[in-house]
Amino acid sequence: MVTEIILGFLAAIAILTGFGGVRIVNQVERGIVFRFGRAQKEIRRPGVAFLIPGVDRLKKVNVQIVTMPVPTQEGITRDNVSVQVDAVAYFRVQDPLRAAVEVQNYLFAVEQVAQTSLRSIIGKSELDDLLSNREELNKGLALMIDSPALGWGIHIDRVEIKDVQLPESMKRSVARQAEAERERRARVITADGEFQAAQKLADASAIMAQTPSALQLRLLQTVVEVAAEKTSTLVMPLPVEVLRFFDRGAQGSPAREESAREESAGPVAAEKSAPPAQLTPPDELTKILGLRETATRPDS
């Protein structure tokens, strides 16, 4: 009777011990067995894992993707601008055995590496790169974190910079720079439009010079456009042919003015303009002088 009780007691202890060596590994976990403190190379897959009670110890490692926010880091860029940058890292355990053996706490280790790498990226980059070229910076940051993490059995999926905080003075400077750039573009576009319009006007003037009637049609079109405004005053320009008529008249006016001045001057002007008298011969001159002398003598 006593023997049966002892056997039953030993059987119960064996059953409890056997159930005590049973472990459940979840789908998102992998099991690392330490036997007498030595890690076994065989990784326990999801399901039931049998252990030797008192000999084996099971450590579970999560293999899901971990989303780790990187705390805000303050640094000075290469162009001497003080900024505050925060990021987020996505990684997963690729080798559970190395993650359990090579590093004490892989979550803390990855977080510290991410912070130091982010500070290094800030110091190597310029402000414009942090604001506009984040894809290249994200790749460089992921490579810097992934280099030491590979030795821990960790794979970095991606790292992204979330926000870049600037000082208020720098925000105003960036706003002024953007405003000046917009104004420059507006002036360039306006000048380009004026240049193209001038070219079109030059082409149109060349065509109108070859066809004078086209200028009249353009004049009438302008009158129609002005009349459509429903204004009280309508300015009607003179045709070009009228201006040319007055121009030709102005060119022929000097000859007519000269003839008119001669007609108004009369006989006086005719006398002044008459040719001088011809000289008389010597004998006639002596007769004339003799007559004048006899007229001046007193009577005898």
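For the structure itself, look to the data block above.
I will try to describe carefully the structure that is included in this document. Residue numbers here run from 1 along each chain, matching the order of that chain's written sequence. In view of the model being predicted, local features appear only for residues whose pLDDT reaches at least 70, and side-chain atom pairs are presented and counted only at 80 or more, with totals across whole chains, interfaces and linings using the full set of residues. Just so you know, side-chain values use all the structure's heavy atoms and leave hydrogens and water out.

1. Some details on the overall build of the protein
Working step 1: Starting at the N terminus, helices and strands are each numbered in turn, a helix being any DSSP run of H or I of at least four residues and a strand any DSSP run of E of at least two. For the protein, the helix and strand inventory stands at nine helices and eight strands.
Working step 2: Relative accessibility thresholds used throughout: buried, under 20% of the residue-type maximum; exposed, over 50%; partly exposed, between the two (1.4 Å probe, protein chains only). Counting all 300 residues of the protein, 21% fall into the buried class.
Working step 3: In the protein, the proportion of contacts linking residues at least 24 apart, taken out of those at least 6 apart, comes to 64%.
Working step 4: Carbon and sulfur atoms make up 58% of the accessible area of the protein, which totals about 22,200 Å². Contact definition: two residues touch when any of their heavy atoms are within 4.5 Å. Each accessible area is a Shrake-Rupley estimate made with a 1.4 Å probe; only the visible protein chains count as cover when residues are assessed.

2. Some words on the sheet that holds strand S3 (residues 38-44)
Working step 1: With antiparallel pairing, three strands are arranged side by side in an open sheet as S3-S2-S5. Both outer strands of the open sheet, S3 and strand S5 (56-62), are each paired with one neighbouring strand and no more. Sheet twist, expressed as the average angle between the axes of neighbouring strands with direction ignored, equals 30°. Two strands make a pair as long as DSSP finds a minimum of two bridges between them. Think of each axis as a best-fit line through the C-alpha atoms, taken over the contacting stretch in the case of a helix, with angles from 0 to 180 degrees between the N-to-C directions.

3. Digging into a nonpolar patch on the surface
Working step 1: Each patch groups residues whose relative accessible area exceeds 30% and which form no salt bridge, using 9 Å between like charges and 5 Å between nonpolar side chains of Val, Leu, Ile, Met, Phe, Trp and Tyr. The term salt bridge refers to a side-chain nitrogen of Lys or Arg lying within 4 Å of a carboxyl oxygen of Asp or Glu. A contiguous nonpolar surface patch, about 320 Å² in accessible area, is contributed by Ile24, Val48 and Phe50.
Working step 2: Mapped onto the secondary structure, Val48 falls in strand S4 (residues 47-50).
Working step 3: Assessed through its relative accessible area of 52%, Val48 is described here as exposed.

4. A closer look at the nonpolar core
Working step 1: Throughout this description, the term nonpolar core refers to a set of buried Ala, Val, Leu, Ile, Met, Phe, Trp, Tyr and Cys residues connected via side-chain atoms within 4.5 Å. By size, the foremost hydrophobic cluster in this structure holds 37 residues, and its most contacted members are Val83, Tyr106, Trp152, Ile154 and Ile156.
Working step 2: Where this core is concerned, the elements lending two or more residues are strand S2 (29-35), strand S6 (66-76), strand S7 (82-93), helix H2 (96-101), helix H3 (106-124), helix H4 (127-132), helix H5 (134-149) and strand S8 (154-165).
Working step 3: In terms of residue count, the dominant contributor to this core is H3 (eight residues).
Working step 4: Apart from residues no more than four positions distant in its own chain, Trp152 is found in contact with Asp95, Arg98, Ala99, Glu102, Val103, Ala109, Val110 and Val113.

5. Focus on the side chain of Asn138
Working step 1: When you line up the elements, Asn138 lands in helix H5.
Working step 2: In this structure, Asn138 is in contact with Val159, Glu160 and Ile161, ignoring residues within four places of it in sequence.

6. Section: H3
Working step 1: By this rule, a helix spans an expected 1.5 Å times one less than how many residues it contains. The end-to-end C-alpha separation of H3 is 27 Å, in line with the 27 Å expected for 19 residues at 1.5 Å each.
Working step 2: Taken as a whole, H3 has its buried residues at Tyr106, Ala109, Val110, Val113, Ala114, Gln115, Ser117, Leu118, Ile121 and Ile122.
Working step 3: Looking at the buried side of H3, the elements it contacts are S5, S6, S7, H2, H5 and S8.

7. Details of the environment of Val88
Working step 1: Position of Val88 among the secondary structure elements: in strand S7.
Working step 2: The exposure class of Val88 is buried, given its relative accessible area of 9%.
Working step 3: Residues Val88 and Arg158 lie 70 residues apart in sequence; the distance between their C-alpha atoms is 8.6 Å.
Working step 4: In contact with Val88, not counting residues within four places along its chain, are Thr67, Met68, Pro69, Val70, Arg158, Val159, Glu160 and Lys162.

8. Regarding the pairing of S6
Working step 1: Both S6 and S7 contribute to a ladder of nine bridges, which runs antiparallel. Paired with Gly75 across the strands is Val83, a residue of S7.
Working step 2: Taken together, S6 and the strand that follows it, S7, pair antiparallel across an intervening segment of five residues, in which Asn80 is found at a positive phi of about 60°.

9. Quick word on the pairing of S2
Working step 1: Burial within S2 is extensive, with six of its seven residues counted as buried.
Working step 2: In terms of strand pairing, S2 meets S5 through seven bridges, oriented antiparallel. Each residue of the ladder has a partner; that of Arg30, found in S5, is Val61.
Working step 3: As judged from the four bridges shared by S2 and S3, these two strands associate in the antiparallel manner.

10. Concerning the pattern of salt bridges
Working step 1: Summed over all chains, the structure comprises seven salt bridges.
Working step 2: Across the pair Asp56 and Arg35 runs a salt bridge whose closest N-O atoms are separated by 2.7 Å. In this pair, Asp56 is assigned in strand S5 and Arg35 in strand S2, connecting sequence segments 21 residues apart.
Working step 3: Residue class for Asp56 comes out buried when judged on its relative accessible area of 11%.
Working step 4: The closest approach of N and O atoms between Arg78 and Glu126, which form a salt bridge, is 3.4 Å. Here Glu126 lies in the loop between H3 and H4 and Arg78 lies in the loop between S6 and S7, a separation of 48 residues in the sequence.
Working step 5: Owing to a relative accessible area of 52%, Arg78 belongs among the exposed residues under this scheme.

11. Considerations on the packing of H3 against H5
A packed helix pair is summarised by two numbers, namely the angle formed by the two axes and the spacing between the axes.
Working step 1: Direction vectors running N to C along H3 and H5 enclose 140°, while the axes themselves pass 9 Å from each other. As summarised for this structure, H3 and H5 are arranged oblique, according to the angle between their axes. As H3 runs across H5, the sense of the crossing is right-handed. Contact residues: H3 offers Val113, Ala114, Ser117, Leu118, Ser120 and Ile121, while H5 offers Leu137, Gly140, Leu141, Met144, Ile145 and Pro148.
Working step 2: For this scheme, ten residues count as nonpolar: Ala, Val, Leu, Ile, Met, Phe, Trp, Tyr, Cys and Pro. Four count as charged, namely Asp, Glu, Lys and Arg, and the remainder, Gly too, count as polar. Split by residue class, the contact of H3 with H5 holds nine nonpolar, three polar and no charged. The cut-offs work like this: below 35 degrees is roughly parallel, past 145 is roughly antiparallel, 65 to 115 is roughly perpendicular, and the gaps in between are oblique. Crossing handedness: left-handed means the near helix sits turned counterclockwise from the far one by under a right angle, and right-handed means the same turn made clockwise.

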